[in-house]
Amino acid sequence: MNNQTRKIVLVGTGFVGMSFAYALLNQNACDELILIDIDKKRAYGEAMDLNHGLAFSGSHMNIRTGEYPDCADADIVAICAGVAQKPGESRIDLLQRNTEVFRSIIGPVMSSGFGGIFLIATNPVDIMTHVTQKISGVDPKRVIGTGTTLDTARLRYMLGNYFSVDPRNIHAYVMGEHGDSEFVPWSQALVGTKSVFAHCEETGGKFCAMDMQKISEDVKNAAQKIIEAKKATYYGIGMSMVRIVRAIFGNENSILTVSARLDGEYGQKDVYAGVPCIVNRNGVREIVELKLTDEELRKMHASCEMLRGVMKDLRIN
Ligand code: NAD
């Protein structure tokens, strides 16, 4: 990957893809943005709409629609494309259809000579990231899923509200599958540099460790609540994707809970899951292995087993 350029090809210009694009524009996070969608007219309209806001942004981004050969010199290919569940369709059938969608995207991306980083948001994101790595054959360090980045942002926001502390001073993660089996390793959660539990104890009952369980449930159920209210979630994930892009283009070595392929960490191999990783211009520099309690390790194991079980039923080749 060229260290000077900041070119992104975005595949899938639906709600999530365009929230990502809009956040990129507002944060001036890239120089060139190419939009691709199977619905070419939609991608064309989205490119026009974004371009008309350029005059009011601090950005000089070049935004246009494109084709897969445009991936040849892209630094990041972000995939937000997917199909919706049909009535009565099983999760695995939906997954199989999304795998076919990914095959139709990743084949031409690789044929272009693409040598950058894949960033995947399509759900189930850990599985679709694994599928991307398997189909493309790209070094797993350059195939990243959004993982539990958004869930972690939700956790920090909720803990910040609870303790009335700036979420940027809350250091806590959501780990595992982006979904029902995700968990919060509370043994690693800090307010400033103090453990959440010590902070609760010292406040003489004002804050209660028991409330942490409710907060992790609220984080897990947040997406469902938003979907009930407005049918889909997109702003939060769009901002999470930009956060990851900034870590990559800024060579920041930031710790983010992206979906990364485990290679022995937490006793897990050949499975993608949300774990704290150091992210820089080369993708995942390394996975930061936390010292989890036995109970937390058991939860990590259960989450990875669940993901492995789904992968087993999927026809990738
Ligand atoms: P959407 O239906 O609005 O957009 C999907 C887009 O993909 C559409 O524009 C469609 O035309 C396009 N598409 C379909 N097949 C294609 C193909 N073969 N090639 C190119 N484009 C194709 O959906 P959305 O609300 O934007 O959600 C997109 C995905 O993001 C979903 O899988 C959703 O579950 C996921 N999502 C992930 C997170 C997360 O935390 N990772 C959060 C929210 C949503």
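Residues numbered from 1 in each chain as written. Predicted model: local features only at pLDDT ≥ 70, side-chain atom pairs only at ≥ 80, totals over all residues. Heavy atoms only, no water.

Undergrad: Any details on the overall build of the chain? Residues and values, ideally.
TA: Secondary structure assignment for the chain yields 9 helices and 14 strands. Taking 317 residues into account, the globule formula puts the C-alpha radius of gyration at 20 Å, and the chain, at 19 Å, falls close to it. Sorting the 317 residues of the chain into buried and exposed places 49% on the buried side. Contacts in the chain between residues far apart in sequence, at least 24 positions, make up 69% of those at least 6 positions apart. (Helix = DSSP H or I, 4+ residues; strand = E, 2+ residues; numbered from the N terminus. Rg over C-alpha atoms; globule rule 2.2 N^0.38 Å. Buried < 20%, exposed > 50% of the residue type's maximum accessible area, 1.4 Å probe, protein only. Contact = heavy atoms within 4.5 Å.)

Undergrad: Quick rundown of the pairing of strand β12 (residues 269–274)? Include the residues and the values.
TA: Where strand β11 (residues 259–263) meets β12, 5 bridges bridge the pair, whose relative direction is antiparallel. Across the sheet, A260 pairs through a bridge with A273, a residue of β12. Between β11 and β12, which follow one another and run antiparallel, lie 5 residues, and G264 among them has a positive phi close to 105 degrees. (Pairing = 2+ DSSP bridges.)

Undergrad: Provide a residue-level description of the pattern of salt bridges, including the pertinent values.
TA: Taken as a whole, this structure holds 18 salt bridges when the rule is applied. One salt bridge connects E252 with R243, and the closest N-O pair in it is separated by 2.9 Å. Judged by relative accessible area, which is 35%, E252 ranks as partly exposed. Across the pair R308 and E305 runs a salt bridge whose closest N-O atoms are separated by 2.6 Å. In this pair, R308 and E305 are both assigned in helix α9 (residues 294–312), 3 residues apart and thus about one turn of the helix distant. Overall, E305 belongs to the partly exposed group, its relative accessible area being 39%. Among the ionic contacts, a cluster of salt bridges with common partners joins E32, R64 and D70. (Salt bridge = Lys/Arg side-chain N within 4 Å of Asp/Glu carboxyl O.)

Undergrad: Can you break down helix α5 (residues 149–163) residue by residue, with the values?
TA: The terminal C-alpha atoms of α5, which comprises 15 residues, lie 21 Å apart, in line with the 21 Å expected from a rise of 1.5 Å per residue. Every buried residue belonging to α5 is among T149, L150, D151, T152, R154, L155, L159, G160 and F163, and all of these are buried. In this structure, the buried residues of α5 make contact with β7 (170–171), β8 (190–191), α6 (196–202), α7 (211–230) and α8 (235–249). Directly after α5, the chain includes S164, whose backbone phi takes a positive value near 55 degrees. (Expected span 1.5 Å × (residues − 1).)

Undergrad: Outline the packing of aromatic side chains, supporting the account with residue identities and numerical values.
TA: Across all of its chains, the model carries 6 aromatic pairs by this definition. Ring geometry for F114 versus F118: centroids 5.1 Å apart, planes at 70 degrees, classification edge-to-face. Like F118, F114 is buried. When the centroid spacing of 4.9 Å and the interplanar angle of 80 degrees are considered together, the rings of Y162 and F163 count as edge-to-face. (Phe/Tyr/Trp six-rings, centres within 6.5 Å; stacked < 30°, edge-to-face > 60°.)

Undergrad: How would you sum up the sheet that holds strand β10 (residues 254–256)? Please name residues and give values.
TA: Pairing within the open sheet is antiparallel, and its 3 strands lie in the order β10-β13-β14. Edge positions in the sheet fall to β10 and β14 (283–287), since each has one partner strand and no second. Neighbouring strand axes in the sheet, compared pairwise and without regard to direction, differ in orientation by 40 degrees on average. One ladder, built from 3 bridges, connects β10 with strand β13 (residues 277–280); its direction is antiparallel. Bridging from a neighbouring strand, S254 pairs with V279 of β13. The strands that α8 touches are β10 and β13; relative to β10, the one it contacts most, it runs at about 150 degrees. (Axes fitted to C-alpha atoms, helices over the stretch in contact; angles between N-to-C directions.)

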